[in-house]
Amino acid sequence: MEPITRGMQGPAVEDVQTRLAALGFTLDAGEVAEHSFGPTTEEAVRSFRVQQGLAAEGAVDLACWSKLVDASYRLGDRTLYLRLPNFHGADVQTLQNALNALGFSCGEADGYFGPHTEAALQQFQENVGLFADGMAFQDTFSYIKRLHHVWGGKPSVSESEVRTGFARAASVLERYRIAVIGDDPISRNVASRMWNIASATTEGSGFTLCDDAAPEDADLILEVASTELPEDAEPRATIDLSNCANLSQRLRTAFAAAEKAPARIRIELTGMTRIGSFTTSDAQALAVQLLDGVCDALSN
């Protein structure tokens, strides 16, 4: 493209000015009204180029234009999915920052929608009960924006699990009504051990073990299962424990994303509970891990 430089006037200059203004740069009102590339537009271009690691010049060349377009995208402006060449821009970086902070690691938030971002997005969609296709449409953007109070301003990293202290766990168990349901014999074993541990933690525990129906006043229902949901089942908030290194973050995200009370989260033990190799020690370890994750998720 022919560089857009000082002294030029017209639609191309107007487009540049509109994008710069949206990014927070201050431009002279007269220059904007006349779509004229004057001194304040030139200074804004120079500042933008420096921010983007380009040479400190006042012209909009092809490299600068590409950076300007990328920086202008806002989350929800376009559908995002894996393609070649990758989508890239500020909207992708915002999505990556949100996913990382919510516990779905996509690596460095570089603004490029690659395979790691697709995988993290699929995990997030599954976690909140959306169809996990790895494509960010408006339904996904709505969840991300609704969870802004959870991820906004947080570091774009996925941290490993931390153990919850006894006092914090007791406080959570006394403050929340939590019901757990086991879908099959093995998961019921794990669920009953969760109830035992909760009851031993505090006499005021609101943790309830259920066969099927949960109490109407429950704040959270945990459905523990040893198998995946059938393919024809409606999508629901789901956490695959075998593929989860940050359980408390996943639980916190799913709980915050619930559209109605009580929040209902399915926790799948797929691949971790093979009959014949699954011991009582395994069941106890899973029960401790799950209860600890729940208490950590609800303690913030």
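Residues numbered from 1 in each chain as written. Predicted model: local features only at pLDDT ≥ 70, side-chain atom pairs only at ≥ 80, totals over all residues. Heavy atoms only, no water.

### Some thoughts on a negative patch on the surface
Phase 1 of the analysis: A grouping of Glu126, Glu228, Glu231 and Asp232 is seen on the molecular surface, where their side chains present a negatively charged patch.
Phase 2 of the analysis: Mapped onto the elements of the fold, Glu126 is located in helix α6 (residues 115-127).
Phase 3 of the analysis: Residue classification places Glu126 among the partly exposed residues on the basis of a relative accessible area of 30%. (Patch = residues over 30% accessible without salt bridge, like charges linked within 9 Å, V, L, I, M, F, W, Y side chains within 5 Å. Areas by Shrake-Rupley, 256 points an atom, 1.4 Å probe, with all protein chains shown as cover. Salt bridge = Lys/Arg side-chain N within 4 Å of Asp/Glu carboxyl O. Lys, Arg positive; Asp, Glu negative; His and termini not counted. Charge placed at Lys NZ, Arg CZ, Asp CG, Glu CD. Helix = DSSP H or I, 4+ residues; strand = E, 2+ residues; numbered from the N terminus. Buried < 20%, exposed > 50% of the residue type's maximum accessible area, 1.4 Å probe, protein only.)

### Describing the packing of α6 against helix α7 (residues 138-146)
A pair of packed helices is captured by two measures, namely the crossing angle of their axes and the spacing between those axes.
Phase 1 of the analysis: Axis separation between α6 and α7 bottoms out at 11 Å; the angle between their running directions is 80°. As far as their axial angle goes, α7 and α6 are roughly perpendicular. Across the interface between the two elements, Leu121, Phe124 and Gln125 of α6 pack against Thr140, Tyr143 and Ile144 of α7. (Axes fitted to C-alpha atoms, helices over the stretch in contact; angles between N-to-C directions. Parallel < 35°, antiparallel > 145°, perpendicular 65-115°, else oblique. Contact = heavy atoms within 4.5 Å.)

### Some points on helix α10 (residues 185-201)
Phase 1 of the analysis: For α10, with 17 residues, the first-to-last C-alpha span of 24 Å sits near the 24 Å given by 1.5 Å per residue.
Phase 2 of the analysis: Ile186, Ser187, Val190, Ala191, Met194, Ala198 and Thr201 are the residues of α10 that are buried. Angular distribution of buried residues about the axis of α10 spans 140°; they occupy a single face of the element. Along α10, exposed side chains directed more than 90 degrees from the buried face belong to Pro185 and Ala200.
Phase 3 of the analysis: Turning to α10, the residues buried within the fold contact α9 (166-175), β1 (178-182), β2 (207-210), β3 (220-225) and α12 (280-298). (Expected span 1.5 Å × (residues − 1). Arc of directions from axis to C-beta.)

### Concerning the pairing of β2
Phase 1 of the analysis: Relative to β2, β1 runs parallel, the two being bridged by four bridges. Paired with Ile178 across the bridge in β2 is Phe207.
Phase 2 of the analysis: Following the backbone out of β1, through α10 and into the adjacent parallel β2, one traces a crossover that is right-handed. (Pairing = 2+ DSSP bridges. Right-handed = clockwise from strand over helix to strand, strands pointing away.)

### A word on the pattern of salt bridges
Phase 1 of the analysis: Applying the stated criterion across every chain yields a total of 15 salt bridges.
Phase 2 of the analysis: The partner of Asp61 in a salt bridge is Arg49, and the shortest N-O contact between them spans 3.1 Å. Taken together, the positions of Asp61 in the loop between α3 (39-51) and α4 (62-72) and Arg49 in helix α3 put the pair 12 residues apart, joining distant regions of the chain.
Phase 3 of the analysis: One salt bridge in this structure joins Asp183 and Arg266, with 3.1 Å as the shortest N-O distance. On the criterion of sequence distance, the pair formed by Asp183 in the loop between β1 and α10 and Arg266 in strand β5 (residues 263-268) is long-range, its members being 83 residues apart.
Phase 4 of the analysis: The exposure class assigned to Arg266 is buried, which follows from its relative accessible area of 4%.
Phase 5 of the analysis: In this structure, a network of salt bridges that share partners links the residues Asp183, Glu223, Arg236, Arg264, Arg266 and Glu268.

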